[in-house]
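Residue-level structure breakdown
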Amino acid sequence: MRALEGRRVYPITDRHLSGHAHAEQIAILSEGGATLIQLREKSYSPAEFYEETEAALRVAREIGVALIVNDRVDIALALNADGVHLGQDDLPPVAARRLLGPSAIIGFSTHNLQQAQLAAQMPVDYVAIGPIFTTTTKSSSNPAVGLKNLSLVRQALRDMPLVAIGGITRENIDLVINAGADAVAIISDIWTSINQSSHRIQQLLKYS
Ligand code: 3NM
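Residues numbered from 1 in each chain as written. Predicted model: local features only at pLDDT ≥ 70, side-chain atom pairs only at ≥ 80, totals over all residues. Heavy atoms only, no water.

**Let's talk about the site of the ligand**
For the ligand, the set of nearby residues contains 13 residues, the closest of which are Pro-131, Thr-135, Thr-137, Gly-167 and Ser-188. One nitrogen or oxygen atom from the side chain of Thr-137 is found 2.4 Å from an oxygen atom belonging to the ligand. Interatomic distance of 2.5 Å between a side-chain N/O atom of Ser-188 and an oxygen atom of the ligand. Taking 430 Å² as the accessible area of the ligand by itself, protein coverage stands at 96%. Under a 2 Å grid-point criterion requiring more than half of the atoms, the pocket assigned to the ligand is the largest pocket. (Near = heavy atom within 4 Å. Polar contact = N/O pair within 3.5 Å; in protein donor to acceptor, adjacent residues only side chain to side chain. Areas by Shrake-Rupley, 256 points an atom, 1.4 Å probe, with all protein chains shown as cover. 1 Å grid on protein atoms, 1.4 Å probe; cavity = no way out; pocket = protein on both sides within 12 Å on 5 of 7 lines; lining within 4 Å. Sits in = over half its atoms within 2 Å of the grid points.)

Given below as C-alpha cells:
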C-alpha cells in the first residue's frame, strides 16, 4: 500500500471544469485535505503542460503533497515528479519504470477484469479500474464496470492497491469503497461546484 498509504480520496485536476491553473488547483485540493493529487491536462501542448507542471510541483513541494503526472513520463522525469499515471495507449509501465526508477509511483488505467489482471503483473504501484459508473468527464467506449465487477477485480488483484474512477461522488463513494476499492479518483464531483472544491474534498474524506 506504499503508493496510496491509506489515502482514500485521489483528486484529479481539471482546468476547464475548475477554471484554475493547475498550481492553484493543488492549493485548493490540499486545503481540503488531499495529499495525493493527479495532474491531468488533455489540451495543452507539451511545452505548456511542462510549465504548468513545474509551477504545480513548486506548490506541491511547499505544502508537502505528492503529485502524479497523467500520461507524460517525459515531463514527470524532467521535473522529478512523484510519479506518473498511464493509460492503455501510453508508454507501457515497464518502460516508464525503466525511465523513472524504483521509487516513482506508477499507476495504470484498466477498464475490465482481464486488463486489471494483466496490469497486476506489471511493475506498477496501483491499478486503476473504471469507469465504475457512467461519466461525462471522459469520452470513451468503455462500458461502466459497475460495483459487482469492481468486487471481482478486488478479489483477483489480492493486495495490489486498487483505485476506482469514473462517476464517483459523495453519494456513492461508500459503495465503491465497500466493493473493494482502496481509493477513489474523482474529477467532476470536486470541480463542478465552483468555490466549493476544498469543502468537497473534506466531505469526500469524511464519507469515505
Ligand atoms: N478515466 P469523473 S473515467 C479520467 O475509466 C477518467 O479510466 C476513466 O471523472 C477511466 O470523476 C475518467 O468526473 C473520468 O467521473 C473521471
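**Notes on the pairing of strand 4 (residues 83–86)**
Going residue by residue along strand 4, you find Gly-83 and His-85 tucked away on one face and Val-84 and Leu-86 tucked away on the opposite face as well. Across 3 bridges, the pairing between strand 3 (residues 66–70) and strand 4 is parallel. Looking at the pairing, Val-69 lines up with Val-84 of strand 4. Handedness of the β-α-β unit built from strand 3, helix 4 (residues 73–79) and strand 4 comes out right-handed. Across 4 bridges, the pairing between strand 4 and strand 5 (residues 105–110) is parallel. Within strand 5, the residue paired with Leu-86 across the bridge is Phe-108. Since strand 4 and strand 5 lie parallel, the crossover through helix 5 (residues 93–100) that links them has a hand, and here it is right-handed. (Buried < 20%, exposed > 50% of the residue type's maximum accessible area, 1.4 Å probe, protein only. Helix = DSSP H or I, 4+ residues; strand = E, 2+ residues; numbered from the N terminus. Pairing = 2+ DSSP bridges. Right-handed = clockwise from strand over helix to strand, strands pointing away.)

**Details of the packing of aromatic side chains**
Applying the stated criterion across every chain, the model contains 1 aromatic pair. Taking 5.7 Å as the distance between ring centres and 90 degrees as the angle between the ring planes, the aromatic pair formed by Tyr-10 and Tyr-126 counts as edge-to-face. Of this pair, Tyr-10 sits in strand 1 (residues 9–11) while Tyr-126 sits in strand 6 (residues 126–129), and the two are 116 residues apart along the sequence. (Phe/Tyr/Trp six-rings, centres within 6.5 Å; stacked < 30°, edge-to-face > 60°.)

**Here we look at helix 5**
Taken residue by residue, helix 5 has Pro-93, Ala-95, Ala-96, Arg-97 and Leu-100 as its buried positions. Buried positions along helix 5 lie against helix 4, strand 4 and strand 5. Looking one or two residues beyond helix 5, the residue adopting positive phi is Gly-101, at roughly 90 degrees. (Contact = heavy atoms within 4.5 Å.)

**Comments concerning the environment of Arg-72**
Inspection of the secondary structure puts Arg-72 in the loop between strand 3 and helix 4. For the pair Arg-72 and His-85, spaced 13 residues apart in sequence, the C-alpha to C-alpha distance is 8.1 Å. With residues up to four places along the chain from it excluded, the contact list for Arg-72 reads Pro-46, Phe-49 and Val-84.

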